[in-house]
Amino acid sequence: MPVIAWAAAAACLSGAATLLLTPAMIKAAYTFDWVDYPQADRWHATPTALMGGVAMYGAGALALLLLGPLAGVGTDVGLIGGGATLLFAVGMVDDLWGVGPTTKLAAQVGAAVLLMAAGHGFGPEWPLWASAPVTLVWVIGITNAVNLLDNMDGLAAGIGGIAAVALTAFAAAGGALPAALLGGTVGGAALGFLWFNAKPARIFMGDCGSLVLGYGVAALAVMGQGAVAAGPGVAVLVPICALAVPILDTTLVTVARTQAGRPVTNGGQDHTSHRLVTLGLSESAAVGILHGMGAAAGGVGLTALVVEPTLFYAACAFGTVALGVIGGSLGRLDVYRAARVGGDGAPSVSTSPSSNAQAGQGRWQTVAAYLVGDGLLIGGALAAAHALVGSGGLAGGEGVPIVEGGLLVGAIQLAVLYAMGLYQRLWRHAGTPGIARIVGTILLAQAATAGGLALVYGLGAVSAPLLMVDGLILTLGVLGSRLGLRGLQRGASLYRSRVAPAESTSNVLLYGTGERGMLALRALRDAEETDRVPVGFVDPDPSKKNQVVQGLPVFGGAGACADLCREHDIDEVIVAVGDAAADREQEVARQCAEVGVACRSFDVRMKPLGAGREDSTHGEPMHRPPA
C-alpha cells in the first residue's frame, strides 16, 4: 500500500476514535470534577472540562497499535510511543495535582532520548555530537511551544493539526513510512479534537494533551528530515517552516517578558493570540489568523518539493522577515498596561522601568534587527533573481561564484542602505516621502552593486536583467518590512469597522494615554453596540509619539489635535485626562471646535442614589475602576 494511504488510514482511524472518545471524556470530567475553572492568568471565563488529552492519546495509541504492526514499523514507532506515554503520564499528573517544571523537563529529556534511540536525530547528515544536542533542544522547545500555545479555544489543536498535515505530506513524498504513519495519527487526533475544542470550547486538552501533541509534531519533524533528497539545509528548514507559529509565539513571549522584567515561566495574557485580540480582533478571528499563518508557513515548507532549492531559500528568507515584522509589531503592544489599569490576568506587574512597551529595546537593538532583516531580504532577492534569470554563476554566466558574489553584493547593498539613513528612524507611519526615499535608496544600491561587481570581476560579471529583477524584489521586500506595522494597524481598523454592527461608525481620537485613557479605550471596545471606532491617541508627552499602545498609535501632542482630525478623518475626540488637566481639555475643545469635530470628556464617577430619586448633578470622581 502506498505511504500516503497508510497516513490517510492512520488519520481516519485516529480522528474517528477521537470524535467517539471525547464526548465520553467530557462526561467523565464533570463527573470527577476534572474541570478548569477561570483564573486570573487564564483566558476562558467559564468552567470547562479538562482531560481532553486522554481521548487524543487513547485514539492515537489505538491507531498506532492497530496499524503499526500491519505496516511493519512497530518497533520504530513503539519507542516514540513510549516517549509520548511518558509525557502523557506526567501531563495527567500535572493536570490533576500539579508538577514542577523540573519534572516536566526530565520527562521531555527522556522522550527525546527515546526518539534518538529509535534512530532519529535532527540534521540527517550531521555528526552525532552536533545532532544529539540539537535534537534535545528541538524536542524540548517544540513540546513547550505547543504547550504554551494552548491558551485560546482551538488554537493549539488547529496549529498542531496543520503542522502535522504539512510534515506528513513531506514525509510521504519521500516514502518515509514511520513518519507518515505517526503524522497521520497525530494530525487525525488533533483535528478530531478541534471539533470539540473550537470556540466555544466544550473541553480542553490539558497538559496531558498539549505535551503529547507537541512531542508528536516535534518527533514527526525529525523523522521526516531524511525523506527527501534536496539542497543543503532544506530538510532542516522544512520542519521549521511547518512549526513557525509555535516558534514565533514562544520567542515573542520570552523576549517580551524578559524585557518587561517578568518571570518567563509565569502564565499571562501576552501571547500572540492575546495581542491580536488587543489589536482589536475577535477571539475567533485571532485564532483563524494564526491558523492561516500556520497553513501558509507549512505551504512554504512544502514548496521544497516542487521548486529548486534556491527559490525555496528565498521563500524562507522572505517568510522569516514577514514573521519578524509581525512579531515586532505585536511585541510593541503594551499588553501589560491593561494589567495595571484593569487587571487582565497578566503576570504580576514589575517595578522595573522596562515595563514600558518600548523600554528594553535600545537603539542598537532596533538597528541590529533591521540589519538582520535587510540581510535576509538582500539574500532572498538575489537568490530569487538568480533562479528566475540566471544560471550557473551570479551574473547568469561564468566568472562569479554564487556564494562569494552574494557576500559581496550583500555587503555593498547593506552599506548603501545604512549610509542613506534607512536605520535612522522607526518606520511606523511612513508616508509618500518615506516610500520615495526607500525606492531611491534601492536604485542607488543597485548602481553601487553593478560598480562593485565590475570592479572586482570585470564588466562581464554585471548582468543587467538579474540586477533589475533583484532590485524590484528587494524594493518590494524593504517596503513591506518598513510599512508592515502600518498595514497591520490599518487592517485591524478596517476589520473593526467592518464587523461593527452599526451601519455608520465614527472615527474617535483619544486624548491621553494614562489610566483614564486606557479605561476609555476599554469602554469603547467592550461596548457591544458602539458605533465609535478608536483610531489613535494624542498625548502631551512628546516621548510617547510613535509608540503603539493597546494596538493604537500615539500620533503626537495636543498642539496637533486639529491637524490630526483633518488628516485621519476624525469624527469625535474623547478627552480622558481628569480634573487636574482642565486647561488641556479646554485647549482640545477649542481645536475641535475649529475643525467642527465633536469633543467629549471621559470620566468615571460614583453618584449617590436615593429611593425614588437620582442625583445627576453631584458626584465624586473615581480615578480608578471599581473593585
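1. Observations regarding helix α4 (residues 101-117)
Taking 1.5 Å per residue, 17 residues should reach 24 Å; α4 reaches 24 Å between its end C-alpha atoms and fits that length. Taken together, the buried positions of α4 are Lys104, Ala107, Gln108, Ala111, Ala112 and Leu115. In an axial view of α4, the angular spread of the buried residues amounts to 140 degrees, which keeps them on one side of the axis. Exposed residues lying more than 90 degrees from the buried face of α4 are Thr102 and Ala117. Looking one or two residues past α4, Gly119 carries a phi angle of roughly 95 degrees, positive in sign.

2. A short note on unusual backbone geometry
Of the consecutive residues Lys199 and Pro200, the connecting peptide bond is found in the cis state with omega at -5 degrees. By secondary structure assignment, the location of Pro200 is in the loop between α7 (177-197) and α8 (207-223). Positive phi values are uncommon outside glycine, yet Asp33 reaches one of about 60 degrees. At Met51, a residue that is not glycine, the phi angle is positive and equals roughly 70 degrees. Turning to its location among the elements, Met51 is positioned in the loop between β2 (48-49) and α2 (52-71). For Met51, a relative accessible area of 1% puts it in the buried group.

3. So, the pattern of salt bridges
This model, assessed by the stated rule, comprises 10 salt bridges. Where Arg482 meets Asp374, a salt bridge forms, and the shortest distance between an N and an O atom there is 2.7 Å. Of the two residues, Arg482 sits in helix α18 (residues 464-499) while Asp374 sits in helix α15 (residues 363-388), which places them 108 residues apart along the sequence. For Asp374, a relative accessible area of 2% corresponds to the buried category. Its salt-bridge partner being Arg590, residue Glu594 comes within 3.5 Å of it at the nearest N-O pair. Separated by 4 residues within a single helix, Glu594 and Arg590 lie in helix α21 (residues 582-595), roughly one turn from each other. If you follow the salt bridges from partner to partner, you end up with Asp563, Arg566, Glu587, Arg590 and Glu594 in one network.

4. Digging into a nonpolar patch on the surface
Where nonpolar side chains cluster on the molecular surface, the patch consists of Leu305, Val306 and Val307 and spans about 240 Å² of accessible area. Along the chain, Leu305 turns up in the loop between α12 (283-302) and α13 (309-331).

5. Things to note about the confidence of the model for the protein
Here the protein shows a mean pLDDT of 83. Residues at 70 or above account for 83%. Across residues 613-627 the pLDDT falls below 50, and counting only partners more than four positions away or on other chains, this stretch makes 21 contacts in the model.

6. Looking at the pairing of strand β4 (residues 532-538)
Within a regular strand, side chains alternate between the sheet's two faces. A large share of β4 lies buried, amounting to 6 of its 7 residues. Strand direction decides the pairing type here: β4 and strand β6 (residues 552-556), joined by 2 bridges, are parallel. If you follow Phe537 over to β6, its bridge partner there is Val554.

7. A look at the sheet that holds strand β8 (residues 598-601)
Two strands in a sheet stick together by hydrogen bonds in their backbones, pointing the same way (parallel) or opposite ways (antiparallel). A sheet is described by the order of its strands in space; here 6 strands give the open sequence β5-β6-β4-β3-β7-β8, paired in mixed fashion. For this open sheet the edge positions go to β5 (548-549) and β8, each flanked by a neighbour on one side alone. Across the sheet, α21 lies against β3 (506-511), β7 (572-575) and β8, angled at about 160 degrees from β8, the strand it touches most.

8. Some words on the nonpolar core
Grouped together as the largest cluster of nonpolar side chains are 79 residues, with contacts concentrated most on Ile80, Leu115, Trp138, Leu181, Leu182 and Tyr215. It is α8 that provides the largest number of residues to this core, a total of 12 residues. For Ile80, the residues in contact, after removing those within four places along its chain, are Leu115, Ala118, His120, Leu182, Tyr215, Ala219 and Met223. Ranked by size, the runner-up nonpolar core spans 22 residues in total, among them Leu248, Met293, Leu330 and Tyr336.

9. Observations regarding the packing of aromatic side chains
Scanning all chains against the criterion turns up 5 aromatic pairs. Plain terms: the ring middles of Phe122 and Trp126 are 5.8 Å apart, the flat faces sit at 55 degrees to each other, and that makes the pair tilted. Geometrically, the ring pair formed by Phe122 and Trp138 is tilted, given 5.0 Å between the ring centres and 45 degrees between the ring planes. Of the two residues, Phe122 is situated in the loop between α4 and α5 (128-149) and Trp138 in helix α5; the sequence distance between them amounts to 16 residues. Overall, the relative accessible area of 4% leaves Phe122 in the buried class. For Trp138, a relative accessible area of 10% puts it in the buried group. Members of the aromatic cluster, each reached through a chain of ring pairs, are Phe122, Trp126 and Trp138.

10. Points about the packing of α7 against α8
It is at 9 Å that the axes of α7 and α8 come closest, and there the two elements cross at 155 degrees. Considered as vectors, α7 and α8 are oriented roughly antiparallel to each other. Every pair of crossing elements has a handedness; the one defined by α7 and α8 is left-handed. Here Pro178, Ala179, Leu182, Gly183, Val186 and Ala190 of α7 come into contact with α8, specifically with Leu213, Gly216, Val217, Ala219, Leu220 and Met223. Split into classes, the residues belonging to the contact of α7 with α8 amount to 10 nonpolar, 2 polar and no charged.

Quick notes on the rules
Residues numbered from 1 in each chain as written. Predicted model: local features only at pLDDT ≥ 70, side-chain atom pairs only at ≥ 80, totals over all residues. Heavy atoms only, no water. Helix = DSSP H or I, 4+ residues; strand = E, 2+ residues; numbered from the N terminus. Expected span 1.5 Å × (residues − 1). Buried < 20%, exposed > 50% of the residue type's maximum accessible area, 1.4 Å probe, protein only. Arc of directions from axis to C-beta. Salt bridge = Lys/Arg side-chain N within 4 Å of Asp/Glu carboxyl O. Patch = residues over 30% accessible without salt bridge, like charges linked within 9 Å, V, L, I, M, F, W, Y side chains within 5 Å. Areas by Shrake-Rupley, 256 points an atom, 1.4 Å probe, with all protein chains shown as cover. pLDDT = per-residue confidence, 0-100. Contact = heavy atoms within 4.5 Å. Pairing = 2+ DSSP bridges. Axes fitted to C-alpha atoms, helices over the stretch in contact; angles between N-to-C directions. Core = buried A, V, L, I, M, F, W, Y, C linked by side-chain atoms within 4.5 Å. Phe/Tyr/Trp six-rings, centres within 6.5 Å; stacked < 30°, edge-to-face > 60°. Parallel < 35°, antiparallel > 145°, perpendicular 65-115°, else oblique. Left-handed = near helix turned anticlockwise from the far one by under 90°. Nonpolar A, V, L, I, M, F, W, Y, C, P; charged D, E, K, R; others polar.

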